[in-house]
Amino acid sequence: MTRIAYDAADAEAFEATRHLNDDGLSAWRTALTRHLDPHPGARILDLGAGTGSWARSFTTWFPGVQVVAVEPSEAMRARSVFHPVLAGDAAHIPLHDASVDAAWISTVIHHVPDLNAAAHEVRRVLRPGAPVLIRSAFAGRHHAITLFRYFPEAIRVLDTYPGVADVEAAFATAGFVATSLEQVPQVTAASLQQAATTLRRQAHTPLQLITDDEYALGLTRLRAAAKTRSGPVIDALDLLVLR
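Quick look at the structure, then. (Residues numbered from 1 in each chain as written. Predicted model: local features only at pLDDT ≥ 70, side-chain atom pairs only at ≥ 80, totals over all residues. Heavy atoms only, no water.)

Here we come to the environment of D89. Residue position: D89 is located in the loop between β3 (85-87) and β4 (102-106). Here the alpha-carbon distance between D89 and Y161, two residues 72 residues apart in the chain, equals 18 Å. Separated by 2.9 Å, the side chain of D89 and the backbone nitrogen of A91 make a polar contact. (Helix = DSSP H or I, 4+ residues; strand = E, 2+ residues; numbered from the N terminus. Polar contact = N/O pair within 3.5 Å; in protein donor to acceptor, adjacent residues only side chain to side chain.)

Have a look at this one:
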């Protein structure tokens, strides 16, 4: 369930730099409440939970909701800020049939080797009518993501990811229909200078999969721009909702 190893170094870098604060996530909270019914007792599956930042946020935002976090990487589970985290992946979700009220899949879909199998497995654990919410950078949709402005070589990696149509087609084999696609803004960093200072290559799959020379060139571009640009770094990722 991964394009990279997600070893201890990757997990440490991810936990250190990819967790957004509540201000950065406010638009995501608003977007999610449009598609979820987070009533007390509801169960939300966080599939590919990583180091647990989304699971932690859900428990803060939605009191009484039970978050079930599932993550295949032992190193990521060990660094998680949310507990417990179950071992599992998109093809093997360790839950009973029809046992969750929503599935959240954040920046994971490009790591899934068999989208059709994943769609059927997600369908199995969801209750009838429950939504799947997929947060991702999809192939061909990089324009609102700052990282690709300074590392354009990484666009070729992104373009190997599933596109929106690919994901919709795969999930259609399990009876899902797309009901919404929107770009949701987030404050990724307080400034471009902060983004340049804290950037960790191991935390970003597209940066790991370009050459060392290409990474060095992008880092030079980013640091140069950071000297003159002010204001927060605002990115927008896609939210695809299927039912």
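Now for the nonpolar core. Among the nonpolar cores identified, the biggest contains 50 residues, and F58, W104, F151 and L239 are the most heavily contacted of them. Residue contributions to this core peak at 5 residues, all from helix α11 (residues 212-226). Ignoring anything within four residues of it in the chain, the contact list for L239 reads W28, A31, L32, H35, W104, L133, I134, S180, L181, E182 and V184. Of all hydrophobic cores here, the second largest spans 31 residues; its members include V108, I109, L126 and F138. (Core = buried A, V, L, I, M, F, W, Y, C linked by side-chain atoms within 4.5 Å. Buried < 20%, exposed > 50% of the residue type's maximum accessible area, 1.4 Å probe, protein only. Contact = heavy atoms within 4.5 Å.)

For the rest of this paragraph, the subject is the packing of helix α5 (residues 115-125) against helix α8 (residues 164-172). Helix-helix packing is characterised by the crossing angle of the two axes and by the distance between the axes. Two elements in contact, α5 and α8, have axes separated by 8 Å at closest approach and are oriented at 55°. As far as their axial angle goes, α8 and α5 are oblique. The element α5 and its partner α8 pack so that their crossing is right-handed. Note on element contacts: α8 touches α5 through V167, A170 and F171, opposite L115, N116 and A119. When its residues are assigned to classes, the contact of α5 with α8 shows 5 nonpolar, 1 polar and no charged. (Axes fitted to C-alpha atoms, helices over the stretch in contact; angles between N-to-C directions. Parallel < 35°, antiparallel > 145°, perpendicular 65-115°, else oblique. Left-handed = near helix turned anticlockwise from the far one by under 90°. Nonpolar A, V, L, I, M, F, W, Y, C, P; charged D, E, K, R; others polar.)

One open sheet holds the 7 strands; their spatial order is β3-β2-β1-β4-β5-β7-β6, and the pairing between them is mixed. Among the strands making up the open sheet, the edge pair consists of β3 and β6 (178-189). Going from strand to strand, the sheet's axes swing by 25° on average, the running direction of each strand aside. In this sheet, β3 lies alongside strand β2 (residues 66-71) in parallel orientation, the contact comprising 3 bridges. Looking at β3, one finds that E71 is bridged to A87. Against the sheet, helix α2 (residues 22-35) contacts β4, β5 (132-136), β6 and β7 (233-242), and its axis sits at roughly 165° relative to β6. Across the sheet, helix α3 (residues 53-61) is in contact with β1 (43-47), β2, β4 and β5; its angle to β2 comes to roughly 180°. (Pairing = 2+ DSSP bridges.)

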